[in-house]
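Geometric and topological summary
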Amino acid sequence: MKKAFCVVLTGLFLLPAAACARPVEPDPSAYSAAGTAEIPVEILGELDEATLADLVDEPKYVALTFDDGPREDTTAALLDGLLERGAAATFFVIGSQVPGNEWLLQRMKAEGHQIGNHTYSHVRLKTADKDSVVEEIHKAEVLLKEAAGEGSFWLRPPYGALDGQRAALIKTPMVYWSVDPQDWKLLDTEKVVDAVLCAVQPGDIILLHDFYSTSVKAALEIVDRLQAEGYDFVTVEELFRIQGVEPQAGTLYARPDRIKTLS
Ligand SMILES: [Zn+2]
């Protein structure tokens, strides 16, 4: 149904796929704007046609993010596919799954991906006591550092669930998402591809899980389809840099220009 709806909309109004209805409508009251590096209108007016054309032709950037790995077979297949395509991604890793899979984290780092923290045991931080919040994050971070070396491991709270009091304990920026195809529920490659392609816009952060082979296949198809439309796949950190947004510790971002309200 979603695909049909998407095709009908694009066919009728000659709009790009991004005009499709989002599978999960974001609630505007749940976000506030972060800083952006937009081109001021008055400057745009002074640009000659060639420069304007260059700006229009600039790549569109998007960040693929993967939660709940690493998992030996699926994560390795994903890394192979991303390498083949020259696409970078961000992996929010569960600490307890690192032992035995250190080589996958070393590959991620060597191949230009960003590694993030998804807690040690995938705990719901919003309802955990404050000592557990700190311990869950620290325990995972120690394992990430042992496997991949020093670095800043941004946090994605499991389920995206966090409140303001606990957020104040977090010493790194935090990453939510702006496109969620619910791949863990669909477990269907084509449906996941369609859901992402219908929703995606430049600057988005896409949520997927490298734990499922259907999601890995979907991710690689998404890369192929969006690269053909001029998209570049970058890490979340790069997306912030490109958009000129300085990420703040303890802040949960849905995109570099959109902060998720903590409840
Ligand atoms: Zn998760």
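Refer to the structure printed above.
Residues numbered from 1 in each chain as written. Predicted model: local features only at pLDDT ≥ 70, side-chain atom pairs only at ≥ 80, totals over all residues.

1. Focus: the overall build of the protein chain
Note the cut-off: For helices the rule is a DSSP run of H or I covering at least 4 residues; for strands it is a run of E covering at least 2, with both sets numbered from the N terminus onward. The burial criterion counts other C-beta atoms lying within 10 Å of a residue's C-beta, which is placed from the backbone; the residue is buried at 20 or more, exposed at 12 or fewer, and partly exposed between these limits. Two residues qualify as a contact pair if the distance between their C-beta atoms, derived from the backbone, is within 7 Å.
The helix and strand inventory of the protein chain stands at 11 helices and nine strands. Here the protein chain holds 263 residues, and the buried ones make up 42% of them. For the protein chain, long-range pairs separated by at least 24 residues make up 76% of all intrachain contacts whose partners lie at least 6 apart in sequence.

2. Structural notes on the environment of Pro202
Along the chain, Pro202 turns up in the loop between helix H9 (189-199) and strand S6 (205-209). Exposure remark for Pro202: the 16 C-beta atoms within 10 Å place this residue in the partly exposed category. With sequence-adjacent residues up to four places away left out, Pro202 is seen in contact with Lys60, Tyr61 and Val62.

3. Focus on the sheet that holds strand S9 (residues 258-260)
In plain terms, the rule: Note on pairing: DSSP must find at least two bridges between two strands before they are called paired.
With mixed pairing, the four strands of this open sheet are ordered in space as S1-S9-S8-S5. In this open sheet, the two strands that pair with only one neighbour each are strand S1 (31-33) and strand S5 (174-175). Relative to S9, S1 runs antiparallel, the two sharing three bridges. Looking at the pairing, Ser32 lines up with Ile259 of S9.

4. Things to note about helix H6 (residues 130-148)
Going by this rule: To estimate the expected span of a helix, subtract one from its residue number and multiply by 1.5 Å. Comment: arc refers to directions from the helix axis out to C-beta atoms.
Spanning 19 residues, H6 covers 27 Å between terminal C-alpha atoms, matching the ideal 27 Å at 1.5 Å per step. Listing the buried residues of H6 in full gives Val133, Glu136, Ile137, Ala140, Glu141, Leu143, Leu144, Ala147 and Ala148. Seen from one end, H6 has its buried residues packed into an arc of 165°, which puts them on one side. For H6, the exposed residues set more than 90 degrees away from the buried face come down to Lys130, Asp131 and Glu146. Elements in contact with the buried residues of H6: strand S3 (90-93), helix H5 (102-110), strand S4 (114-117) and helix H7 (164-167).

5. Quick word on the packing of helix H4 (residues 72-85) against helix H10 (residues 213-228)
When two helices pack together, their arrangement is captured by the angle between the axes and the distance separating the axes. Filter applied, for reference: Between N-to-C directions, angles cover 0 to 180 degrees, with each direction set by a line fitted to C-alpha atoms, over the stretch in contact for helices. Here roughly perpendicular refers to angles of 65 to 115 degrees, roughly parallel to angles under 35, roughly antiparallel to angles over 145, and oblique to all remaining angles. When residues are sorted by character, Ala, Val, Leu, Ile, Met, Phe, Trp, Tyr, Cys and Pro go into the nonpolar class, Asp, Glu, Lys and Arg into the charged class, and all the rest, Gly among them, into the polar class.
Where H4 meets H10, the closest approach of the two axes is 9 Å, and the angle between their N-to-C directions is 10°. The pairing of H4 with H10 is recorded here as roughly parallel in orientation. On H10, the residues touching Thr74, Ala77, Leu78, Gly81 and Arg85 of H4 are Ser213, Val216, Ala219, Leu220, Val223 and Gln227. Per-class residue counts for the contact of H4 with H10 are six nonpolar, four polar and one charged.

6. Quick notes on the nonpolar core
For clarity, the threshold we go by: Buried Ala, Val, Leu, Ile, Met, Phe, Trp, Tyr and Cys residues whose C-beta atoms connect them within 7 Å together make up a nonpolar core.
Counting residues in each nonpolar core, the largest one holds 67 residues, and the members touching the most others are Leu105, Leu144, Val196, Ile206 and Ala219. When near neighbours in sequence (up to four residues on either side) are disregarded, Leu105 contacts Pro70, Val93, Val98, Ile115, Leu144, Ala147 and Ala148.

7. Thoughts on the pairing of S3
We count it as follows: Seen with its strands pointing away from the viewer, a crossover is right-handed when the path leading from the first strand over the helix to the second is clockwise.
Both faces of S3 are covered, namely the face carrying Thr90 and Phe92 and the face carrying Phe91 and Val93. Here strand S2 (residues 60-69) runs beside S3; their pairing, made up of four bridges, is parallel. Across the sheet, Gly69 pairs through a bridge with Val93, a residue of S3. Two strands pair when backbone bridges link them, and S3 and S4 are joined in this way by four bridges, in the parallel orientation. The residue of S4 that forms the bridge with Phe91 is Ile115. Assessed by its sense of winding, the connection that carries the chain from S3 through H5 to S4 is right-handed.

8. Structural notes on unusual backbone geometry
Put simply, Gly69 and Pro70 share a cis peptide bond, and its omega is 0°. One non-glycine residue, Asp68, adopts positive backbone phi at about 75°. By the element assignment, Asp68 lies in strand S2. If you check the backbone angles, Leu187 has positive phi at about 45° while not being a glycine. With respect to the element layout, Leu187 can be found in the loop between helix H8 (183-186) and H9. Look at Leu187 and you get partly exposed, because 13 C-beta atoms sit within 10 Å.

9. Comments concerning the environment of Ala88
Mapping Ala88 onto the fold places it in the loop between H4 and S3. Its 21 C-beta neighbours within 10 Å are what place Ala88 among the buried residues. The spatial distance from the C-alpha of Ala88 to the C-alpha of Asp232 is 8.7 Å, given a sequence separation of 144 residues. For Ala88, the residues in contact, after removing those within four places along its chain, are Gly112, His113, Phe233, Val234, Thr235 and Glu238.

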